[in-house]
Amino acid sequence: MADLTIGYGKSSRWGRKPRRDDGVTERGTLLLLGPALLFLAVFAIWPFCYLIYASFTSYQMAIPVPIHWVGLGNFQVLVKTTRFWHSLGVTAAFALVSVPLQLLIGLCIALLLNAVTRGREVYASLLLTPMMLAPIVVGFAWELFLNPIYGPLNALLKGIGLSPPAWAQSPVWALPTLVAVDIWQWTPLVMVILLAGLRSIPPRVYEAAKVDGSSAVQTFFNIVAPMLLPYFAVAFVLRFIDSFKVFDIIYILTRGGPGTITQNLAYYTYDLGFGRFQFGRSGALSIIQLLLLTIGTMLIIKLVAKRNVPTAAVAGPAANAKEGA
Amino acid sequence: MASVTLDHLNKWFGPSVHAVQDVNIHIEDGEFFGLLGPSGSGKTSVLRMLVGLERPTEGSILFDGVPVHNKTPQERNVAMVFEQNALYPHMTARQNISYPLRVRRASSETIARKVAEVATLLNIGALLDRRASQMSGGQQQRVAIARALVRDPNLLCLDEPIAHLDTLLRARLRGELKRLQRALGTTSVIVTHDPIEAMTMTDRLAVMRDGRLQQVGSADEIHNRPVNAFVAQFFGLHSMNVFTVDSCVDQGDHIAGRVGGQPARLPRTLERFLNIGRRTASIGARPSGVMVLRAADTAPAVEGFTATGQVYVTEQLGDAQLVTVQIADQSIQTLTPDPRAFEIDEPVRVFIPDDALFLFDDKTQQTRRFASRTAGDELAAIRSEVA
């Protein structure tokens with residue numbers, strides 16, 4: 001008791017604010033958070049603000065002309081180029097074709113795995129491998145696999161009498177190939193999220209449905225799907241955001257080619273900024289992507305939130321079993 | 001509604017677990033039947049086979065004489081109320097209750113009418129638009145019962161439906177369930193590990209242990225005529241005392257024996273077990289049939305079991321107290337209205353009148369002698385004499 005009194009007296013004599021229960025003063029809190037905040041300010045907040053500023057200027061690196069304010073000029077120029085609209089289309093191919101396919105295939109695998117009783121963990125870990133590999137490894141592995149001369153895929157296809165294209169170099173097949181690699185790499189993430197969702201549904205719910213006379217199809221659409229929806233939304237948002245950032249596999253497999261056919265917005269941004277040093281225009285392109293991403297994500301969340309489905313975990317009666325009937 | 005017959009029912013889980021062993025039960029149409037037993041006794045396996053969630057390994061299940069054990073739950077038209085957590089969490093109470101009708105493609109008028117009917121019956125009209133997470137445990141179970149009753153099942157199966165609720169609510173729902181079952185006349189089977197639930201709600205019940213049926217009968221039969229020491233100990237408000245008296249010798253007017261080395265006296269009426277060459281007796285007595293006396297108290301004038309020991313612990317139950325007496329290595333519980341405070345380790349005498357004594361075979365544990373049904377009245381008379 002005595003020690004506590006002395007300790008408290010000391011801090012008041014120094015004019016500090018009273019300690020909280022955990023003994024940390026408000027000044028102490030700031031001191032502890034300070035380095036992290038400073039780091040964020042220098043390496044994230046400042047560059048972001050500078051990016052916004054740059055997108056309204058004519059800033060070009062390595063060219064010694066004065067930087068001047070161009071207002072929305074960069075944006076106006078961008079939306080008038082066909083290259084912008086083409087890259088937007090490539091990004092859309094990842095966001096609106098690859099991601100839905102990942103969700104669909106991931107759901108099917110998760111449902112299959114959920115039905116497996118022996119060795120589920122082993123299968124799940126094996127299926128997770130593509131996701132755990134470094135993107136550069138994925139890129140090179142696929143480059144070798146798809147190589148028109150040495151690659152095993154084309155050797156196999158030629159072996160059965162087909163004449164396969166040079167996948168990554170073909171104007172027709174390059175984009176579908178990249179989408180396929182993206183699906184291959186990221187379907188496991190969707191699968192693992194949805195599998196967690198399926199595992200959270202209590203077995204009694206399935207049994208109750210069976211006793212209620214619900215067929216397997218009815219049970220899936222009326223009971224499993226709605227309970228899985230929050231998990232589905234998490235997977236959708238995560239993959240949607242990532243689909244805007246696809247860069248590594250494009251860089252390794254096609255370099256945006258042939259021509260600019262497989263350049264998405266991210267690759268185009270990189271090309272503008274680090275290929276041509278047009279930082280103002282590249283910044284404007286980044287801002288456009290950010291806006292599209294924000295709008296898209298909000299739409300997905302709104303779509304799911306409207307259904308307002310409680311997760312299986314919060315539905316247990318244990319917490320409130322004590323109230324009267 | 002249907003009568004239900006379980007014919008030589010067996011269930012194996014894997015090659016080594018014989019969960020249900022040759023169970024034969026006939027349940028009358030409209031009967032409220034209880035399956036009672038400790039955990040692992042196989043009672044839930046029997047229920048799950050009745051519902052159709054498990055297939056019997058051997059034997060058959062008949063509804064009104066027609067085999068159903070290869071049919072789905074839907075084809076049997078059975079309904080089930082689970083222990084807890086079985087409502088569809090994303091649906092409201094109304095959607096939960098109407099689900100069995102919706103999957104059967106009932107018309108919306110039929111659904112609305114039936115839901116309103118069961119909601120009135122279970123007094124949950126105000127809850128219909130709530131989700132499971134917005135209801136208490138008791139409310140959830142009412143909704144689960146409504147969902148089971150909404151489609152007029154042939155058989156209603158209840159798997160510990162009120163075990164997770166608090167004491168007061170459990171007592172209330174016991175009564176409600178019993179009235180509901182009587183009013184509807186639906187053949188019902190309840191699984192429980194609680195003898196009070198089984199006793200108070202059901203018409204007849206079966207006691208199970210280790211996958212085997214021990215006894216089938218009314219609560220009164222099982223309470224007063226238990227077939228073996230297990231049923232006697234398991235069934236009842238307080239567990240029956242079963243203890244061993246060894247080194248028994250006929251002394252003419254009584255039998256002298258020992259309880260864990262302590263001398264004990266048994267009434268002459270138990271000589272039958274000595275006649276078959278046994279020196280050891282397995283004696284049973286319900287706590288309400290045992291008296292605890294201080295050294296200064298006058299000995300009762302009637303024949304009975306007597307032994308001395310020490311008070312191990314006393315538990316106040318309000319209008320009575322539970323006194324546990326330690327006699328050497330065995331303990332005997334007595335439920336006594338005696339208001340005197342007994343001290344821990346106080347030396348006392350235990351007296352059990354002849355009429356309150358059960359006798360079990362010390363080898364097979366089968367009951368050899370039942371206590372008289374009027375043992376309680378006699379005990380009251382003795383108590384008034386002693387006082």
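Each residue is numbered by its place in its chain's sequence as written, counting from 1. Chains and ligands are labelled by the order in which they are written, letters from A for the one and numbers from 1 for the other. In keeping with the model being predicted, local features are shown solely for residues with a pLDDT of at least 70 and side-chain atom pairs are shown and tallied solely at 80 or more, while totals for entire chains, interfaces and linings include all residues.

Participant: Looking at this model, I keep getting lost on the overall build of chain B. Mind explaining?
Facilitator: Every helix listed is a DSSP run of H or I at least four residues long, and every strand listed is a run of E at least two residues long, numbered separately from the N terminus. Scanning chain B for helices and strands turns up eleven helices and 21 strands. Seen through its principal axes, chain B has C-alpha atoms that stretch 80 × 45 × 35 Å. Labels follow a simple rule on C-beta atoms placed from the backbone: if 20 or more others lie within 10 Å of a residue's own, it is buried; if 12 or fewer, it is exposed; otherwise it is partly exposed. Within the span of chain B, comprising 387 residues, buried residues form 45% of the whole. Any residue pair is listed as a contact if its two C-beta atoms, each placed from the backbone, are within 7 Å. Across chain B, contacts joining residues at least 24 apart in sequence account for 65% of those joining residues at least 6 apart.

Participant: Looking at this model, I keep getting lost on the sheet that holds strand β6 (residues 78–81) of chain B. Mind explaining?
Facilitator: Through backbone hydrogen bonds, the strands of a sheet pair up, either in parallel or in antiparallel fashion. Residues and elements named next belong to chain B. Spatially, the six strands line up as an open sheet ordered β6-β7-β8-β3-β9-β10, and their pairing is mixed. Both edges of this open sheet fall to β6 and β10 (212–217), since each of them pairs with a single strand only. Recorded for the sheet is a direction-independent mean angle of 20° between the axes of neighbouring strands. Should DSSP find at least two bridges between two strands, the strands are taken to pair. Two strands pair when backbone bridges link them, and β6 and strand β7 (residues 155–159) are joined in this way by four bridges, in the parallel orientation. Considered in β7, the bridge of valine 81 is made with leucine 158. Its contacts with the sheet put helix α1 (residues 43–51) on β3 (32–36), β6, β7, β8 (187–192) and β9 (204–209), and the angle it makes with β7 is roughly 150°. Where helices are involved, their axes are fitted lines through C-alpha atoms of the stretch in contact, as for all axes, and angles between N-to-C directions lie from 0 to 180°.

Participant: How do you make sense of the pairing of β7 of chain B when you look at a structure like this?
Facilitator: On any regular strand, side chains alternate: one points to one face of the sheet, the next to the other face. Residues and elements named next belong to chain B. Of all five residues in β7, five are buried, a share of seventy percent or more. What you see with β7 is no split at all: Leu155, Cys157 and Asp159 on one side and Leu156 and Leu158 on the other are buried throughout. By the criterion used throughout, a crossover qualifies as right-handed when its path from the first strand across the helix to the second strand runs clockwise, the strands pointing away from the viewer. With helix α6 (residues 167–184) bridging β7 and the parallel β8, this β-α-β connection has right-handed handedness.

Participant: Looking at this model, I keep getting lost on the sheet that holds strand β5 (residues 66–67) of chain B. Mind explaining?
Facilitator: Residues and elements named next belong to chain B. Taking strand neighbours across the sheet as the criterion, the four strands line up as β2-β1-β4-β5 in an open arrangement whose pairing is antiparallel. Of all strands in the sheet, those bounded by a partner on one side alone are β2 (17–27) and β5. Judged from the seven bridges that link them, strand β1 (residues 4–13) and β2 form a sheet pairing that is antiparallel. Residue pairing for β2: leucine 6 is matched across the bridge by isoleucine 25.

Participant: Even after reading the chapter, I still don't get unusual backbone geometry, so can you show me in this structure?
Facilitator: Across residues other than glycine, the phi torsion is negative in most instances, and most of the peptide bonds are trans. All names here are of chain B. The residue asparagine 123 is not glycine, and still its phi comes out positive at about 60°. With respect to the helices and strands, the residue asparagine 123 is situated in the loop between α4 (108–122) and α5 (137–149). One non-glycine residue, aspartate 345, adopts positive backbone phi at about 70°. By the secondary structure assignment, aspartate 345 is in the loop between β18 (330–336) and β19 (347–353). Taking the C-beta count within 10 Å as the criterion, aspartate 345 has 11 such neighbours and is therefore assigned exposed.

Participant: Would you mind going over helix α4 (residues 82–115) of chain A with me for this structure?
Facilitator: Every α-helix carries 3.6 residues per turn, so stepping three or four residues along brings you back to the same face. Each helix should span, by expectation, one fewer than its residue count multiplied by 1.5 Å. The terminal C-alpha atoms of α4 of chain A lie 49 Å apart, and with 34 residues this matches the ideal 50 Å at 1.5 Å per residue to within 8%. If you look at α4 of chain A, its biggest bend is around 25°, right at serine 98 of chain A, and the proline proline 100 of chain A turns up within four residues after that. To get the bend at a residue, fit one axis to the 7 residues ending there and another to the 7 starting there, then take the angle between the axes.

Participant: What exactly am I supposed to notice about the domain arrangement of chain B here?
Facilitator: It is common to give the size of an interface as the accessible area that goes away when the parts come together. Domain extents, as shown, originate in an automatic or database domain assignment. The domains assigned to chain B are domain 1 (4–225) and domain 2 (241–386). Spacing between the C-alpha centres of domain 1 of chain B and domain 2 of chain B amounts to 40 Å.

Participant: How should I be thinking about the packing of helix α3 (residues 93–103) of chain B against α5 of chain B in this particular structure?
Facilitator: Residues and elements named next belong to chain B. Where α3 meets α5, the closest approach of the two axes is 7 Å, and the angle between their N-to-C directions is 25°. In terms of orientation, α3 lies roughly parallel with respect to α5. Handedness of the α3/α5 crossing: right-handed. Within the contact between the two elements, α3 uses Ala93, Asn96, Ile97, Tyr99 and Pro100 and α5 uses Val143, Ala146 and Arg147. Residues that form the contact of α3 with α5 fall into these classes: six nonpolar, one polar and one charged. In this scheme, roughly parallel covers angles under 35 degrees and roughly antiparallel covers those over 145, while 65 to 115 is roughly perpendicular and the rest are oblique. A clockwise turn of the near helix away from the far one marks a right-handed crossing, whereas an anticlockwise turn of less than a right angle marks a left-handed crossing. Residues were grouped as follows: Ala, Val, Leu, Ile, Met, Phe, Trp, Tyr, Cys and Pro as nonpolar; Asp, Glu, Lys and Arg as charged; and all remaining residues, including Gly, as polar.

Participant: What is the right way to read α4 of chain B from this model?
Facilitator: All names here are of chain B. Between its first and last C-alpha atoms α4 spans 21 Å; for 15 residues at 1.5 Å apiece the expected length is 21 Å, and the two agree. Looking at the packing, one finds that the buried side of α4 touches α3 and α5. Trailing α4 by a residue or two, asparagine 123 shows a phi angle of about 60°, which is positive.

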